[in-house]
Amino acid sequence: MYTADPSAHVFNGRIYIYPSHDIDVKVAENDNGDHFAMRDYHIFSMDSIGGEVTDHGVALDIKDIPWAGRQLWAPDVAYKDGTYYLYFPLKDKQDVFRIGVATSKKPEGPFKAEPQPIEGSFSIDPAVFTDSDGISYMYFGGIWGGQLQRWHTGAFEANGSASDLKQDDAPALAPKVARLSTSMLQFAEKPKDVQIVDSQGKPFKGGNHDQRFFEASWMHKYNGKYYFSYSTGDTHFICYAIGDNPYGPFTYQGVVLKPVIGWTNHHSIIEIKGKWYLFYHDTQISKGKTHLRNIKVTELRYDRSGKIISIDAYAGAK
């Protein structure tokens, strides 16, 4: 079994991992990501890092999602008041990515999908962060096949750019954030841009492929600061930026994870038993097949100032 995009969480003292499920459907590789043709989700759990892994089977299948078109991409999960909420990107019957939600009373599922996607949702890679005050926020978006660039006017452009805004000297496309409703089933507000800025407070330009946002948002909190991390896509870094509140702006700090084997890079960060861990994927097992990935985990460390120590997955932390 090949899996990718691991969203890890700790529930009831146990680690649960919510990945996408890679399958080989013999679709030609292209920049639109058609070869990432996933159809269901499996959930894994373990009682400790390095412990025995349990596969809980199919948690949600595309055939059980009423509005489904194709391509179940990277999911995430959140918990509130006895219910677990699985958030997933999926193309609707018009081939437009929306974000859906499914619920369960157990962290391992199975999950039952809501009849419609979240109103006002679009693009890919939902990541839900619940702050210490109990308010939850969804971060999302991805360019190229993730279609974020086709929403820059506020409406979907079916014939829009296949990559980005094609404006290298203009500010890069920003990921989105929206506070979730108390029901956890809808947005409580219109999505806002997540501003990622340099040390001078200026947003990165579209041509800065080493630092601008591409996909794979994640949020975690460390020593009272908000750490927004993301993938640069075609340059294959996981980078991060720090802010003072869930909306940002977030000031760029550096690289969390250097490029791995394979084209994509997608991660999550958790704390358990006083240590921090980075979950990610590569294509080592499939010997480089970009859409047949395997998930991994390694310890994540900070320096005394709170900066993340950059990780080279094949040489240890440096």
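Everything below is about the structure printed above this text.
What you see is a predicted model, and the numbers here were worked out from it, not measured in a lab.

Calculation rules
Residues numbered from 1 in each chain as written. Predicted model: local features only at pLDDT ≥ 70, side-chain atom pairs only at ≥ 80, totals over all residues. Heavy atoms only, no water. Helix = DSSP H or I, 4+ residues; strand = E, 2+ residues; numbered from the N terminus. Rg over C-alpha atoms; globule rule 2.2 N^0.38 Å. Buried < 20%, exposed > 50% of the residue type's maximum accessible area, 1.4 Å probe, protein only. Contact = heavy atoms within 4.5 Å. Polar contact = N/O pair within 3.5 Å; in protein donor to acceptor, adjacent residues only side chain to side chain. Pairing = 2+ DSSP bridges.

## Remarks on the overall build of the chain
Part 1: Tallying secondary structure elements over the chain gives 0 helices and 23 strands in all.
Part 2: Rg of the C-alpha trace for the chain: 18 Å, near the compact-globule value of 20 Å for 318 residues, within the 12% margin.
Part 3: Its C-alpha atoms put the chain at 50 × 50 × 45 Å along the principal axes.
Part 4: Taking all 318 residues of the chain together, the buried fraction comes to 56%.

## Let's talk about the environment of Ile261
Part 1: Checked against the element boundaries, Ile261 lands in the loop between β18 (250-257) and β19 (268-272).
Part 2: Classification of Ile261 by relative accessible area gives partly exposed; the value is 33%.
Part 3: With 104 residues separating them along the chain, Ile261 and Glu157 place their C-alpha atoms 33 Å apart.
Part 4: In this structure Ile261 touches Asp282, Thr283, Gln284, Gly288 and Tyr314, once residues within four positions along its chain are discounted.

## Description of the side chain of His267
Part 1: Tracing the chain through its elements places His267 in the loop between β18 and β19.
Part 2: At 2.7 Å, the side chain of His267 and the side chain of Ser229 are in polar contact.
Part 3: Those residues in contact with His267 that lie beyond four places of it in its chain are Pro6, Ala216, Trp218, Ser229, Tyr230, Ile238, Leu278, Phe279 and Tyr280.

## Digging into the pairing of strand β17 (residues 238-243)
Part 1: Burial of β17 is extensive: 6 of the 6 residues sit out of reach of the surface.
Part 2: Of the two faces of β17, the one lined by Ile238, Tyr240 and Ile242 and the one lined by Cys239, Ala241 and Gly243 are each fully buried.
Part 3: Strand direction decides the pairing type here: strand β16 (residues 225-231) and β17, joined by 6 bridges, are antiparallel. Note on β17: the bridge partner recorded for Tyr227 is Ile242.
Part 4: A loop of 6 residues connects β16 with β17, the two strands running antiparallel in sequence, and Gly233 in this loop sits at a positive phi of about 70°.
Part 5: Inspection of the sheet shows β17 paired to β18 by 5 bridges, in the antiparallel sense. Within β18, the residue paired with Ile242 across the bridge is Thr251.

## Re unusual backbone geometry
Part 1: The amide bond that connects Gly109 to the next residue, Pro110, takes the cis arrangement and shows omega of 10°.
Part 2: Along the polypeptide, Pro110 turns up in the loop between β8 (97-104) and β9 (112-113).
Part 3: With omega at 5°, the peptide bond leading from Gly248 into Pro249 counts as cis.
Part 4: By secondary structure assignment, the location of Pro249 is in the loop between β17 and β18.
Part 5: Positive phi is not limited to glycine here, since Met184 has a value of about 70°.
Part 6: Residue classification places Met184 among the buried residues on the basis of a relative accessible area of 2%.
Part 7: Its identity as a non-glycine residue notwithstanding, Lys287 has a phi of 60°, on the positive side.
Part 8: One can find Lys287 in the loop between β20 (275-282) and β21 (294-300).

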